[in-house]
Amino acid sequence: DIETPSVTFENFFLAFGAVLFAFGGHALFPTLQVDMEKPDDFGKAMFWAYLIILCLYLPVSVAGYVAFGGALDDDGNILSNLSGGALADVVTVSVTIHLLTSVIIIQNPVSQLMDIFAKIDRGFNMKRVFWRCAQVALCCIIGLTAYEHMFCVMNLVGGTT
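Here the structure is a predicted model, which means the values were calculated and not measured.

**Observations regarding the overall build of the protein chain**
So, point 1. When you go through the protein chain residue by residue, the secondary structure sums to 6 helices and 0 strands.
So, point 2. Counting from the amino terminus, helix and strand elements in the protein chain follow one another as α-α-α-α-α-α.
So, point 3. Looking at the protein chain alone, contacts between residues at least 24 apart form 55% of all its contacts between residues at least 6 apart.
So, point 4. If you sum the accessible surface of the protein chain, you get close to 11,600 Å²; carbon and sulfur atoms cover 72% of it.

Below, the structure is given as structure tokens:
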């Protein structure tokens, strides 16, 4: 029998923020559609994007619920509760795939705004490559600094996008 914690005001909104973070990105949809070669295919692209994310996160959620129920650490992070093995590998690979493929897309509106402030041409050039690499490096530094509290940061970002 799986024991689950009772739903409180705090843990409901923490969970809601995590879900919004995983499936978020609505704020950047207009920039994605403008940048698309065929903007009319935007609906198809969104359908496949959400289906892929669902396929990455659903097994992780189900496996975490079956394995731990309400016995997760205080931060609620499945990754910090895994002891290794095939399940841990599947979960880690799924989350990593999502993060590596989404960071570029999520960063796009901010990068476009920064390109305008830095007066960088829209086309491909080395100044733009350097500028965007510097932005990613800054995000990595922030991520490494906030590593211990990343679950809370994700929930905050997810709940505000």
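**Some thoughts on the side chain of glutamine 107**
So, point 1. Positionally, glutamine 107 belongs in helix α4 (residues 86–117).
So, point 2. Overall, glutamine 107 belongs to the buried group, its relative accessible area being 14%.
So, point 3. Separated by 3.5 Å, the side chains of glutamine 107 and glutamine 135 make a polar contact.
So, point 4. Once residues within four sequence positions are removed from consideration, glutamine 107 is found in contact with Gln135 and Cys139.

**Brief notes about the packing of α4 against helix α5 (residues 126–145)**
So, point 1. In the contact formed by α4 and α5, the axes pass within 11 Å of each other and the chain directions differ by 130°. With respect to α5, the element α4 is oriented oblique. The two elements α4 and α5 cross, and the hand of that crossing is right-handed. Where α4 approaches α5, its residues Gln107, Asn108, Val110, Ser111, Gln112, Met114 and Asp115 are matched on the opposing element by Arg128, Trp131, Arg132, Gln135 and Cys139.
So, point 2. Grouping the amino acids of the contact of α4 with α5 by side-chain chemistry returns 4 nonpolar, 5 polar and 3 charged.

**Some points on the packing of helix α3 (residues 42–68) against α4**
So, point 1. Viewed as axis vectors pointing N to C, α3 and α4 meet at an angle of 145°, and their least axial separation amounts to 10 Å. Crossing handedness for the pair α3 and α4: left-handed. Between α3 and α4, the contacting residues are Ile53, Leu56, Tyr57, Val60, Ala63 and Ala67 on the first element and Leu87, Val91, Ser94, Ile97 and His98 on the second.
So, point 2. Class assignment of the residues belonging to the contact of α3 with α4 gives a composition of 9 nonpolar, 2 polar and no charged.

Scoring rules and cut-offs
Residues numbered from 1 in each chain as written. Predicted model: local features only at pLDDT ≥ 70, side-chain atom pairs only at ≥ 80, totals over all residues. Heavy atoms only, no water. Helix = DSSP H or I, 4+ residues; strand = E, 2+ residues; numbered from the N terminus. Contact = heavy atoms within 4.5 Å. Areas by Shrake-Rupley, 256 points an atom, 1.4 Å probe, with all protein chains shown as cover. Buried < 20%, exposed > 50% of the residue type's maximum accessible area, 1.4 Å probe, protein only. Polar contact = N/O pair within 3.5 Å; in protein donor to acceptor, adjacent residues only side chain to side chain. Axes fitted to C-alpha atoms, helices over the stretch in contact; angles between N-to-C directions. Parallel < 35°, antiparallel > 145°, perpendicular 65-115°, else oblique. Left-handed = near helix turned anticlockwise from the far one by under 90°. Nonpolar A, V, L, I, M, F, W, Y, C, P; charged D, E, K, R; others polar.

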